[in-house]
Amino acid sequence: MNDSERFFRVPVWYPDLAPYTWETKFVKLPAEAVQMFASATPENCKELLYNDVSKRLMADMSELLSDIPGNAFVFVDTCAPTDTERYASKGGAVYSARSALSNLLQSRKVVEAARRGEVEYICMRPFRNITKAREFRLFIHDGKLSAMSQYHLIRHFRRLEGVKDNYWKKAVKFVDKISWRLAVKTLVMDIYITSDRDIFIVDINPWGGDTDPLMLMTWERDWTETAGIKLMAPPTALTGDVKVSF
């Protein structure tokens, strides 16, 4: 893996972009802990939680979690356990090192990342209840903001219509301000706009490939042309004499 590919790991980009994301703490994983993640299955993850490797790991995690007020969101270098029952029911919020480690071991995303050699750290940040209408994906091409998409494509958010132009302008200024900090100039950045209109980086992803272009639909377009902000359209209302037959 070259330096450009490594940049998309949170522990790599965090030191340069820490002022623009939530404070994050890291636990370096020894080789035996990485092997444990790679060996986890739905059948053995509970057993793994009580072995000596897990006990040492939880001791390190507990020390850092004690400095995080309230619940924490715990993930690894390249992915979060968004495929677990805890994420579905509680957004991934955890309080103890045991519940955090259990959630990671149950995630097939985390296990597969460990098997690919993409897991070196456990990452911990304060848990935040994300308002879905304020999360966006930025498409940064050659250091400039080319497009911005609504992140959660679940429905039209009417509240965004009145603020979309302001959000776009803020995002353009944000990218211009941090562009020099980016080791990779063409990438995809997920952001959250707080109620105070501050922008926080949620994650950074590679350009193209498996990264979803969301409302931009396809990667096959001229990214040197600015596309602006893309939102889901409101539902279409039918008018006139509508006849339905079955």
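Structural data are supplied above this passage.
Residues numbered from 1 in each chain as written. Predicted model: local features only at pLDDT ≥ 70, side-chain atom pairs only at ≥ 80, totals over all residues. Heavy atoms only, no water.

Caption draft 1: Spatial organisation of the pairing of strand E2 (residues 72–76). Of all 5 residues in E2, 5 are buried, a share of seventy percent or more. Every second residue of E2 is oriented toward a common face, with Ala72, Val74 and Val76 on one face and Phe73 and Phe75 on the other, all of them buried. The pairing of E2 with strand E3 (residues 93–94) spans 2 bridges and is antiparallel. Bridge pairing links Phe73 to Ala93 in E3. Sheet topology places E2 next to strand E4 (residues 121–126); 5 bridges connect them, and they run antiparallel. Residue pairing across strands places Phe73 opposite Arg125, the latter belonging to E4. (Buried < 20%, exposed > 50% of the residue type's maximum accessible area, 1.4 Å probe, protein only. Helix = DSSP H or I, 4+ residues; strand = E, 2+ residues; numbered from the N terminus. Pairing = 2+ DSSP bridges.)

Caption draft 2: Main features of the packing of aromatic side chains. For the coordinates displayed, the defined rule picks out 15 aromatic pairs. Note on Phe7 and Phe8: the rings are 5.8 Å apart at their centroids and 75° apart in plane angle, and the pair reads as edge-to-face. For the pair Phe136 and Tyr167, a centre-to-centre distance of 5.6 Å together with 85° between the ring planes defines the contact as edge-to-face. Of this pair, Phe136 sits in strand E5 (residues 135–141) while Tyr167 sits in helix H9 (residues 164–178); the two residues are 31 residues apart in sequence, bridging distant segments of the chain. In this structure, Arg221 is placed above the aromatic ring of Trp223, and the distance from its NZ or CZ to the ring centre is 4.8 Å. (Phe/Tyr/Trp six-rings, centres within 6.5 Å; stacked < 30°, edge-to-face > 60°. Lys NZ or Arg CZ within 6 Å of the ring centre and 35° of its normal.)

Function cannot be inferred from these measures alone, as they are strictly geometric.
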